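# Remarks on the overall topology
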Amino acid sequence: MSKPPKAQSYSGSAGGWGSLRGISRIERSQKAKPAALDTLRQLNKPGGTMCTSCAWVKSAEPKPFEFCENGAKATLWDLTSDRCTPDFFAAHTVSELAGWSDYELEMTGRLTTPMRYDPVSDHYVPTSWSEAFSAIGAKLRTLDPKGVTFYASGKAALEPSYLYAIFARMYGNNHLPDSSNMCHETTSVGLRKVTGSSVGTCQMEDFEHCDAIFYLGQNPGTNSPRILHPLQKAVKRGCKIVVFNPLKEKALTEFRSPQNPLQMTFGKATKMSHLYLQVRPGGDIAALMGTCKRVLERDEKAQAMGVRRVLDTAFLDQHTHGLEDFLEKLAATSWEELEEASGVTRAEMEAAGDIYADSSKVIGIYGMGLTQHVHGSQAIGLLVNLLLLGGNMGRQGAGCSPIRGHSNVQGQRTVGITEKVALAPVEKYREVLGLETPAEDGHTTVEFLEALIAGTNTGYIGLGGNLARAVPDHDRVYPAWRTMELTVHIATKLNKTHCMPGKASWLLPCLVRAEEDIQATGNQWVSIEDSFSHVSASKGKRKPASEDLMSETAIICELAKATLDPNPRWKWDAWRGDYARIRDLIAQTYPEQFYDMERRMHEPSGFYRGNPAHERIWKTQSGKAEFTTPTVLNACGIRDHPGGMHLVTLRSNDQFNTTIYGFSDRLRGLEGNRMIVLISPEEIVRLGLHEYQEVSLVTEVGDGIERRVSGLSVRAYDLPKGAVVGYFPELNPLVPLEYHEELAKTPASKGVPVRIEV
Ligand SMILES: Nc1nc2c(c(=O)[nH]1)N[C@H]1C(S)=C(S)[C@@H](COP(=O)(O)OP(=O)(O)OC[C@H]3O[C@@H](n4cnc5c(=O)[nH]c(N)nc54)[C@H](O)[C@@H]3O)O[C@H]1N2
Ligand SMILES: Nc1nc2c(c(=O)[nH]1)N[C@H]1C(S)=C(S)[C@@H](COP(=O)(O)OP(=O)(O)OC[C@H]3O[C@@H](n4cnc5c(=O)[nH]c(N)nc54)[C@H](O)[C@@H]3O)O[C@H]1N2
Ligand SMILES: [Mo]
């Protein structure tokens, strides 16, 4: 499958003509019909369809094309004319398909027909919807509810997500892990611990007022390109961007707006960052401490000179807790220790501190580079510390903004998809539905896998996703996956997880968001929540890929009817027939945030669900924003090990998670091969390697389990010492299941201790 590798650095900017070429390549490969372009034109606009790619905000004043390269790719991928039909399944055994690559499987096109796994012939065979539902319902009734997990991958809208969460609880458990458990769970736990809120505090207008943006561990050029427009605007009015990232990501160095014909044709790309700290993996805790150290020095200096102080002392007194302990820790930590743990110099940390001290409004942004570490919540805590020092929380032009992943992943948590009972609306469920929430917390993703390996999890329902592929430790997970009694996938395209059927297994093909969803009362609206907690309406207009598809909402209603005893208060047919009735349930369950949802979701840019931390109301233990006193200086769980390298696994520009669109990581100048490992030129020399040499990576956590990925081709890349980088999901066999964030259990896929073997 891989073409001959070619390494070169990319000379273009992020955005620009390269991004348009990227879109047209996918359009050709997916043979998208002209009507698909119509869908693109309506993407992220009131009355249109909300993009299924990232979770960045929908503008109240949309541009002619309110989508980016990768949003277009995701949409065209959904609207492909290729079909994965019963004939295809008749021609291939499931064991054969299990050997296909992620790319080959998804290239077969949209699933068209409900399929049942036949263990005798080892084929998926067509079945009818009614047979599928009654057989799955009957099977679920025989299983112990304590051993069945209901996973959700953050794409499904609020309506099906709400129903999915109550279905699991009516069935008898809180086993509702979400892709968030591998992603921003560190935010849900860590940011909540310090601000009392599990989501970001920024709003769009803050980007029009900030003086500085600290941008940590997120790659906007690939993963949220629409953010580049407000960033570019901010830079042009003088805002300074400080980046912490081991890789020099192109979009954070220069950007050419594809929305601006003049800049595309004649203009110079915009220089995006003023300061770029190439921290080592996990180096953010120390780099942020160094930045804070400088901020304090600058505050002392300001006091000595009798000018305006850098610290917002009124805010600190009234709104924060724990500053003294943090200051003690800072004073006790030397610059040498900070340089060693961060991988950057004192001068660089001082420069970052100076930009902070010279700015009166600062925003902090972060992504997987912070959350996917063993001590990720401490790194988030340190970013919040920095913001708190200057009172940069809960006021205009300031705040903390995690960039979410899937387009509705935040919303799924909001409407009840959570394994934590404390976060479930237990009282309201009782009042609105007569539902008694099971008392025990459910599985996180890691706990699900532990139960799977231990043999106590025997059933799995997946609302989207490719879970077996997205998780750590494939060599331990794959064999266990196949031992389950029941696996059910609600999906749009075929993937590796589907090719590891349990003893009884079904593929239930569903509509994508751009397709019309006709129920008893006509074509239905759905709604989704973005990274800024805005809830927007979305409607599909395209004809479905096959007549035999059902919506996610309809599938969940039918599964629930087939599984649960009838209850006059649980009106699955009425909910399925009119999604406004589900929104009514959401509004009754969460009245403060979702009142009048039916009307408000049509407001431009959606309605704001609100966030107490944005109003400086801190729902923390102390009732104040909490300073974090770090217990470590680097976020990696294991620092010292013989191999001495830390592996970062990340996304290329040509994938959406486990969906591989192609083999071009354009913005990094890496083409043609995904089985590569990036190493700095100095380390290549030190280790006696050479470019294009094949090596293996071996994990070093000392638990006696051999984890190895071989056949990786070496590429020289500008990286800090000790960092090696490769692609998710190919390198997931190297991430140990037990190596996860200390509080949130997010797998630590950004700082795995490894050695290189020739
Ligand atoms: N096109 C496209 N869009 C997507 C996705 C996709 O796969 N494709 N995925 C979606 C999902 S689910 C998510 S969660 C988001 C993910 O979006 P990101 O959060 O950008 O995730 P990654 O691609 O994993 O890259 C993380 C960044 O962190 C940096 N990094 C790694 N380790 C460290 C560290 O220790 N410190 C710091 N400061 N930086 C570090 C990496 O170099 C990289 O730039 O994107 C969403 N949007
Ligand atoms: N090593 C490493 N591992 C990681 C990460 C990393 O950075 N490094 N990132 C983690 C992160 S942030 C995340 S979010 C997870 C992602 O984990 P998942 O969310 O489980 O994976 P995806 O690849 O997004 O799932 C793709 C599949 O979803 C189905 N699908 C697509 N669209 C729809 C739809 O509209 N409806 C339904 N029902 N199904 C649909 C298709 O069948 C497709 O094959 O991976 C995590 N794993
Ligand atoms: Mo994610």
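Here the structure is a predicted model, which is why all the values come from computation and not from measurement.

Let us look at the packing of aromatic side chains. The tally for this structure, following the rule as stated, stands at 23 aromatic pairs. Geometrically, the ring pair formed by Phe-150 and Phe-167 is edge-to-face, given 5.4 Å between the ring centres and 85 degrees between the ring planes. Taken as a pair, Phe-150 in strand β7 (residues 148-152) and Phe-167 in helix α8 (residues 158-171) lie far apart in primary sequence, 17 residues in all. Residues Phe-448 and Tyr-460 carry aromatic rings whose centres are separated by 5.8 Å and whose planes lie at 25 degrees to one another, so their mutual orientation is stacked. Of the two residues, Phe-448 sits in helix α22 (residues 445-454) while Tyr-460 sits in strand β16 (residues 459-463), which places them 12 residues apart along the sequence. Across the pair, Tyr-460 and Phe-448 agree in class, each one buried. The structure contains a cluster of three or more aromatic residues connected by ring pairs, namely Phe-88, Phe-89, Trp-100, Tyr-117 and Tyr-124.

Once that is clear, we can look at the domain arrangement of the protein. For the protein, the domain assignment lists domain 1 (14-78), domain 2 (83-183 + 408-604) and domain 3 (184-405 + 605-758). At the junction of the two partners, domain 2 supplies 43 residues and domain 3 supplies 45 residues. Across the domain 2 to domain 3 interface the summed buried area is about 3900 Å²; carbon plus sulfur atoms make up 54%. When residues of domain 2 are sorted by the area they lose upon contact with domain 3, Tyr-103, Cys-183 and Phe-532 head the list and together hold 18% of the total. Taken together, the links from domain 2 to domain 3 amount to 6 salt bridges. A salt bridge links Arg-707 to Asp-473, with the nearest nitrogen and oxygen atoms 2.6 Å apart. Put simply, the parts of the chain that give the side of domain 2 that touches domain 3 at least two residues each are α6 (102-106), α20 (409-414), α22, α23 (467-470), α24 (474-481), β22 (534-538), α28 (591-594) and α29 (597-600). Broken down by element, the residue count for the side of domain 2 that touches domain 3 peaks at 5 residues, all from α22. A per-class count over the side of domain 2 that touches domain 3 returns 17 nonpolar, 12 polar and 14 charged.

Turning our attention to the site of ligand 1. By nearness alone, 30 residues border ligand 1, and Asn-245, Glu-249, Asp-284, Gln-655 and Asn-657 come closest of all. Residue Glu-249 places a side-chain N or O atom 2.6 Å away from an oxygen atom belonging to ligand 1. Within the contact set of ligand 1, an oxygen atom lies 2.7 Å away from a backbone nitrogen or oxygen of Gly-282. Starting from 920 Å² of accessible surface for ligand 1 in isolation, the protein chains cover 99%. By residue class, the composition of the shell around ligand 1 is 11 nonpolar, 15 polar and 4 charged.

Turning our attention to the site of ligand 2. Close contacts around ligand 2 come from 31 residues, with Glu-106, Tyr-151, Lys-493, Glu-552 and Thr-658 the closest. Here an oxygen atom of ligand 2 and a side-chain polar atom of Thr-658 are 2.5 Å apart. Residue Asn-732 places a side-chain N or O atom 2.8 Å away from a nitrogen atom belonging to ligand 2. Protein chains shield 96% of the accessible area of ligand 2, which is 930 Å² for the free molecule. Residue-level mapping places the shell around ligand 2 at the junction of two domains, with at least three residues from each of domain 2 (83-183 + 408-604) and domain 3 (184-405 + 605-758).

Further remarks concern the sheet that holds strand β12 (residues 275-277). In spatial order, the strands read β12-β9-β8-β14-β15; together these 5 strands make up an open sheet with parallel pairing. Bordering the open sheet on either side are β12 and β15 (399-402), each of which pairs with just one other strand. Along the sheet, successive strands turn relative to each other by an average axial angle of 15 degrees, direction set aside. Across the sheet, helix α13 (residues 284-305) is in contact with β8 (212-216) and β9 (240-244); its angle to β9 comes to roughly 140 degrees.

With that settled, the discussion passes to the pattern of salt bridges. Counted according to the given criterion, the structure contains 46 salt bridges. Between Asp-299 and Arg-309 there is a salt bridge, with the nearest N and O atoms lying 2.6 Å from each other. Residue Asp-299 is found in helix α13, and its partner Arg-309 is found in the loop between α13 and α14 (313-319); the two are separated by 10 residues along the sequence. Look at Arg-309 and you get partly exposed, because its relative accessible area is 31%. In this structure, Glu-738 and Arg-707 form a salt bridge, with 3.9 Å as the shortest nitrogen-oxygen distance. A residue pair is termed long-range when its members are at least 10 positions apart, and Glu-738 in the loop between β33 (723-727) and β34 (752-757) and Arg-707 in the loop between β31 (694-699) and β32 (708-716) qualify at 31 residues. Of the residues examined, Arg-707 reaches a relative accessible area of 2% and is grouped as buried.

Attention shifts here to the sheet that holds strand β18 (residues 504-509). As summarised here, the arrangement of the 6 strands in space is β6-β5-β18-β17-β16-β7, forming an open sheet in which the pairing is mixed. Each of the sheet's edge strands pairs with one partner strand only, and the pair in question is β6 (123-126) and β7. Each strand of the sheet is rotated relative to its neighbour by a mean of 20 degrees, with strand direction disregarded. With 4 bridges connecting them, strand β5 (residues 115-118) and β6 associate as antiparallel partners. By the bridge assignment for β6, Tyr-117 is matched with Tyr-124. Against the sheet, α8 engages β7 and β16, with an angle of about 175 degrees to β7.

Put simply, helix α21 (residues 426-433) and helix α27 (residues 579-589) touch, their axes get as near as 9 Å, and they point 130 degrees apart. Between α21 and α27, the interaxial angle falls into the category oblique. At the point where α21 passes α27, the crossing takes the right-handed sense. Contacts between α21 and α27 involve Lys-428, Tyr-429, Val-432 and Leu-433 from the first element and Leu-585, Gln-588 and Thr-589 from the second. Tallied by class, residues from the contact of α21 with α27 come to 4 nonpolar, 2 polar and 1 charged.

A few words now on the environment of Ala-234. In this structure, Ala-234 sits in helix α11 (residues 228-236). Overall, Ala-234 belongs to the buried group, its relative accessible area being 1%. Placed 38 residues apart in sequence, Ala-234 and Met-272 show a C-alpha to C-alpha distance of 9.5 Å. Dropping the residues within four chain positions of it, Ala-234 is found in contact with Phe-207 and Cys-239.

Our focus in this paragraph is the pairing of β33. The buried fraction of β33 amounts to 5 of the 5 residues, a majority that puts the element mostly inside the structure. Burial along β33 is two-sided: the face carrying Ala-723, Val-725 and Tyr-727 and the face carrying Val-724 and Gly-726 are both buried. Two strands pair when backbone bridges link them, and strand β25 (residues 645-650) and β33 are joined in this way by 5 bridges, in the parallel orientation. Within β33, the residue paired with Leu-650 across the bridge is Tyr-727.

Rules behind the numbers
Residues numbered from 1 in each chain as written. Chains lettered and ligands numbered in written order. Predicted model: local features only at pLDDT ≥ 70, side-chain atom pairs only at ≥ 80, totals over all residues. Heavy atoms only, no water. Phe/Tyr/Trp six-rings, centres within 6.5 Å; stacked < 30°, edge-to-face > 60°. Helix = DSSP H or I, 4+ residues; strand = E, 2+ residues; numbered from the N terminus. Buried < 20%, exposed > 50% of the residue type's maximum accessible area, 1.4 Å probe, protein only. Domains from an automatic or database assignment. Contact = heavy atoms within 4.5 Å. Buried area = accessible area lost by both parts, 1.4 Å probe. Salt bridge = Lys/Arg side-chain N within 4 Å of Asp/Glu carboxyl O. Nonpolar A, V, L, I, M, F, W, Y, C, P; charged D, E, K, R; others polar. Near = heavy atom within 4 Å. Polar contact = N/O pair within 3.5 Å; in protein donor to acceptor, adjacent residues only side chain to side chain. Areas by Shrake-Rupley, 256 points an atom, 1.4 Å probe, with all protein chains shown as cover. Pairing = 2+ DSSP bridges. Axes fitted to C-alpha atoms, helices over the stretch in contact; angles between N-to-C directions. Parallel < 35°, antiparallel > 145°, perpendicular 65-115°, else oblique. Left-handed = near helix turned anticlockwise from the far one by under 90°.

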